[in-house]
Amino acid sequence: MALVLPSRLNIAEEFLSRLAREHPHRIAILGEPAAVRYRDLDDAANRCGNALRQQGCEPGDRVLLMLPDSPEFIAAFFGAAKIGAIAVPVNPHARAADYEHYLSDCGARFAIVHFAALAEFTTAESSPALESIVVVGAADREHTTIGKQFQGQAISWEKWQGNASANLEAHPTGSGDPAFILYTSGSGGTPKGAVHRHRDMLVCSESYAHGVLGLRPNDITFSVSKLFFAYGLGNGMYFPFSVGASTVLLPDRPKPEAVASLVARHRPTVFFSVPTFYAALLRDAESGLPIDFSSVRLAVSAGEALPAEILERFRRKFDIEILDGIGSTEMLHIFLSNRPGSARGGSCGIEVPNYEVKILDDAGEPVASADIGNLWVKGASAFAGYWEKPELTARTKIGEWVVTGDKFFRDAAGSYHYCGRADDMMKISGLWVSPGEVENALLAHPAVAEAAVVGHADAVGFLRVVAYVVLREGTERTETAREIQQWLRGRLVSYKCPQEIHFLDELPKTVTGKIQRFRLRETRAR
């Protein structure tokens with residue numbers, strides 16, 4: 001499919017106001033706490049845009065959003081974009097140090113914070129640029145006193161936007177103008193702010209949501225991944241809105257019981273999650289939790305490679321194939337994906353329409369077929385750059401190509417296989433070891449619920465394969481490590497088998513579900 005990108009484009013107009021005019025009474029949001037129509041959501045976004053303008057917000061100003069998945073998140077996001085400001089959604093469950101980083105890094109003049117996050121937010125060191133704080137979820141209080149480092153008081157959401165007009169013309173933004181900043185997940189260290197343009201949502205919608213998933217107006221999407229995360233922002237907001245469909249929102253942290261309840265109540269047709277949550281759903285379903293996926297026509301996984309073992313067990317349990325794909329914050333959404341009806345375990349599939357990828361060695365030369373190399377990707381949704389980090393941008397974005405930092409190989413059938421982050425790959429006795437391959441073998445063991453594999457240097461300096469394992473409930477640790485090691489020797493060549501296995505109650509993860517292997521490399525399990 002050929003992409004046609006208009007020179008003038010405003011995402012609030014394209015993904016919300018247009019739908020509000022065409023289908024004012026259609027339900028945009030299902031889920032907690034109540035259904036919201038497109039017209040009402042557009043009115044709320046317009047009020048937010050007008051309220052920001054009244055406070056002096058100008059095109060290009062950053063608006064920090066610390067909100068759970070909710071109508072307020074979507075209204076604030078599109079309200080900022082509609083006046084040409086730059087929305088910056090971040091994790092509403094972060095810590096003070098994280099908020100200090102976001103504030104100082106993006107220089108936001110305005111912050112919209114949920115009341116549940118306010119105490120943590122106000123212990124952060126304030127940025128001199130910050131002028132205004134709006135608090136969502138504090139309707140019963142006219143003002144909320146905040147820390148001394150923040151001058152003045154925070155105003156409640158209701159008071160702030162209650163008297164603002166619901167009529168708002170979109171700022172004449174170009175499709176290449178900055179629209180929002182998304183921070184990387186932190187799976188590899190300090191989050192970086194990737195700047196995305198107004199056109200990027202349109203590119204991802206046309207290429208993946210329409211071109212691969214075939215989203216339609218009668219679909220209902222439900223994303224376990226949250227809206228502040230690049231993957232969740234598409235799944236739960238602009239993908240369904242691109243066709244006038246409905247989305248199910250869950251403001252709270254996802255847990256299998258809550259997700260099962262919402263799936264039963266709202267009957268989503270397209271379900272998005274990450275590998276670790278699919279594994280959690282399986283564990284609970286196999287332990288007796290009733291989960292009804294009969295309404296789901298498509299299940300999608302991204303954020304990290306989906307182990308083949310999880311795909312097969314999910315297919316057997318629910319008779320649904322999971323479409324595994326890979327995307328990134330820098331590319332905004334998925335650019336390699338399996339296709340409905342032909343999902344293959346252990347494969348990320350092939351290129352999404354309008355994207356190109358290549359696999360190069362460390363010298364920048366193409367690798368031979370089936371050889372492991374560095375994945376580069378090209379597509380019109382690529383980020384404009386990291387916010388105020390030109391040197392890092394130059395290392396990551398080379399011409400039209402984005403260096404993903406992922407190791408991949410391409411098989412004879414043309415499918416791409418994820419081998420791990422470049423920093424995660426291990427060379428043992430001169431041979432590459434993919435943590436994903438070892439982890440998938442571990443997950444096939446009946447005692448293993450979750451696994452992560454990293455390299456640790458021994459006393460001499462040689463790299464050793466070390467596994468960190470979360471056992472299934474009820475499994476005794478006594479002698480289990482030795483049993484698992486013996487079991488793996490029948491499934492992996494010797495140099496890939498972990499020389500050490502440590503047991504943890506839980507693996508370190510980002511809020512988006514990615515395993516933080518760098519933390520395991522830094523500190524051995526005690």
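For the structure, see preceding data.
**Focus on helix 1 (residues 11-22)**
Its 12 residues place the ends of helix 1 16 Å apart at the C-alpha level, agreeing with the 16 Å of an ideal helix rising 1.5 Å per residue. Contacts made by the buried residues of helix 1 are with helix 2 (38-54), helix 3 (71-82), strand 9 (178-183), helix 7 (198-210) and helix 8 (230-242). If you check the start of helix 1, you find a side-chain oxygen 3.0 Å away from the backbone N of Ala 12, and it comes from Asn 10.

**Section: the sheet that holds strand 27 (residues 463-471)**
Read from one edge of the open sheet, 3 strands run 26-27-28, paired in mixed fashion. Both outer strands of the open sheet, strand 26 (448-457) and strand 28 (500-503), are each paired with one neighbouring strand and no more. Taking the axes of each pair of neighbouring strands and ignoring which way they run, one obtains an average angle of 25° across the sheet. As judged from the 9 bridges shared by strand 26 and strand 27, these two strands associate in the antiparallel manner. The residue bridging Ala 457 from the neighbouring strand is Leu 463, located in strand 27. Along the sheet face, helix 14 (residues 480-488) touches strand 26, strand 27 and strand 28 and points at about 135° away from the line of strand 28.

**Overview of the pairing of strand 15 (residues 322-327)**
Extensive coverage of strand 15 is indicated by the burial of 5 of its 6 residues. In the sheet, strand 14 (residues 298-301) pairs with strand 15 via 3 bridges, with the strands oriented parallel. Note on strand 15: the bridge partner recorded for Ser 301 is Asp 324. In terms of handedness, the path from strand 14 via helix 11 (residues 308-318) over to strand 15 forms a crossover that is right-handed. Note: strand 15 against strand 16 (residues 334-337), 3 bridges, orientation antiparallel. When the bridges of strand 16 are listed, Gly 327 appears paired with Ile 334. Adjacent in sequence and paired antiparallel, strand 15 and strand 16 are bridged by 6 residues, among which Leu 332 carries a positive phi angle near 80°.

**Some points on the state of the cysteines**
Applying the stated criterion across every chain, the model contains 0 disulfides. In this model Cys 48 remains outside any disulfide bridge; the closest cysteine sulfur is found in Cys 57, 11 Å from its own. Here Cys 48 falls in the buried class, since its relative accessible area comes to 1%. No disulfide involves Cys 106; its nearest neighbouring cysteine sulfur is the one of Cys 57, lying 12 Å away. You can call Cys 106 buried: its relative accessible area is 1%.

**Focus on unusual backbone geometry**
The phi dihedral of Leu 332 falls on the positive side, at around 80°, and the residue is not glycine. Relative to the elements of secondary structure, Leu 332 occurs in the loop between strand 15 and strand 16. Assessed through its relative accessible area of 1%, Leu 332 is described here as buried. Its identity is not glycine, yet Glu 388 carries a phi of approximately 55°, on the positive side. Residue placement: Glu 388 occurs in the loop between strand 20 (385-386) and helix 12 (390-396).

**With respect to the pattern of salt bridges**
Across all of its chains, the model carries 22 salt bridges by this definition. Asp 219 is the partner of Arg 297 in a salt bridge, and the nearest nitrogen-oxygen pair spans 2.6 Å. With a gap of 78 residues between them, Arg 297 in the loop between helix 10 (275-286) and strand 14 and Asp 219 in the loop between helix 7 and strand 11 (220-223) connect regions that are remote in the sequence. Take Asp 219: its relative accessible area is 2%, and that puts it in the buried class. With its nearest N and O atoms 2.8 Å apart, the salt bridge here joins Arg 517 to Glu 439. Placement of Arg 517 in helix 15 (residues 517-522) and of Glu 439 in helix 13 (residues 435-443) is noted, with a sequence separation of 78 residues between them. Across this residue pair, the class does not change: Arg 517 and Glu 439 are buried. Where salt bridges share partners, they join Glu 14, Arg 18 and Glu 22 into one cluster.

**Some remarks on the packing of helix 1 against helix 2**
Here helix 1 crosses helix 2 at 135°, and the two axes come no closer than 8 Å. Compared by their axis directions, helix 1 and helix 2 come out oblique. Like other packed secondary-structure pairs, helix 1 and helix 2 cross with a definite hand, here left-handed. Across from Leu 16, Ser 17, Leu 19 and Ala 20 in helix 1, the residues of helix 2 making contact are Tyr 38, Arg 39, Leu 41, Asp 42 and Ala 45.

**Some remarks on the nonpolar core**
Generally speaking, soluble globular proteins have nonpolar side chains that are buried together. Counting 142 residues, the largest nonpolar core has Phe 77, Phe 78 and Phe 241 as its most contacted members. Sort the elements by how many residues they give to this core and helix 3 lands first, with 8 residues. Among the nonpolar cores identified, the runner-up in size contains 27 residues, and Ala 96, Ala 108, Leu 130 and Ile 133 belong to it.

**As for the environment of Val 259**
Its location among the elements puts Val 259 in helix 9 (residues 256-266). A relative accessible area of 1% means that Val 259 is categorised as buried. Put simply, Val 259 and Leu 281 are 22 residues apart on the chain and 8.9 Å apart in space, counted from C-alpha to C-alpha. Excluding anything up to four places from it in sequence, Val 259 contacts Phe 222, Val 224, Leu 250, Pro 254, Phe 271 and Phe 277.

**Notes on the environment of Glu 22**
Relative to the helices and strands, Glu 22 is located in helix 1. We classify Glu 22 as partly exposed; its relative accessible area is 45%.

**Topic: the sheet that holds strand 2 (residues 36-37)**
Taken in spatial order, the 9 strands line up as 2-1-12-11-13-14-15-16-17 in an open sheet, and their pairing is mixed. Among the strands making up the open sheet, the edge pair consists of strand 2 and strand 17 (350-351). Sheet topology places strand 1 (residues 27-31) next to strand 12 (residues 246-249); 3 bridges connect them, and they run parallel. Along strand 12, the bridge assignment pairs Leu 30 with Val 248. Packed on one face of the sheet, helix 9 meets strand 1, strand 11, strand 12 and strand 13 (270-273) and runs near 175° to strand 11.

Conventions used here
- What you see as residue numbers is a count from 1 along each chain, following the sequence as written.
- Only residues with pLDDT of 70 or above have their local features reported here, since the model is predicted, and side-chain atom pairs are shown and tallied only from 80 upward, although totals for entire chains, interfaces and linings are computed over all residues.
- Processing note: side-chain calculations cover all non-hydrogen atoms of the structure and skip hydrogens and water entirely.
- In this text, helices come from DSSP runs of H or I with a minimum length of four residues, and strands from runs of E with a minimum of two, each type numbered from the N-terminal end.
- How far a helix is expected to stretch is found by multiplying one less than its residue total by 1.5 Å.
- Note on contacts: a residue pair is in contact if any heavy atoms of the two residues lie within 4.5 Å.
- For this analysis, a polar contact is any N or O atom pair within 3.5 Å, provided that within protein one partner can donate a hydrogen and the other can accept it, and provided that sequence-adjacent residues contribute only side-chain to side-chain pairs.
- Think of it this way: DSSP has to see at least two bridges between two strands before they count as a pair.
- An axis is simply a line fitted to the C-alpha atoms; with a helix, the fit covers only the stretch in contact. Between two such axes, the angle follows the N-to-C directions and lies from 0 to 180 degrees.
- Burial classes follow relative accessibility: with a 1.4 Å probe on protein chains only, a residue under 20% of its type's maximum area counts as buried, one over 50% as exposed, and anything between as partly exposed.
- Orient the strands so they point away from the viewer; a crossover is then right-handed if the path from the first strand over the helix to the second runs clockwise.
- For this text, the term disulfide refers to a pair of cysteine sulfurs within 2.5 Å.
- In what follows, salt bridge is the name for a side-chain nitrogen of Lys or Arg lying within 4 Å of a carboxyl oxygen of Asp or Glu.
- Relative orientations are named as follows: roughly parallel for angles under 35 degrees, roughly antiparallel for angles over 145 degrees, roughly perpendicular for angles from 65 to 115 degrees, and oblique for any other angle.
- Here is the rule for handedness: rotate from the far helix to the near one, and if that takes an anticlockwise turn smaller than a right angle the crossing is left-handed, while a clockwise turn gives right-handed.
- We call a set of buried residues a nonpolar core when its members are Ala, Val, Leu, Ile, Met, Phe, Trp, Tyr or Cys and they connect through side-chain atoms within 4.5 Å of each other.

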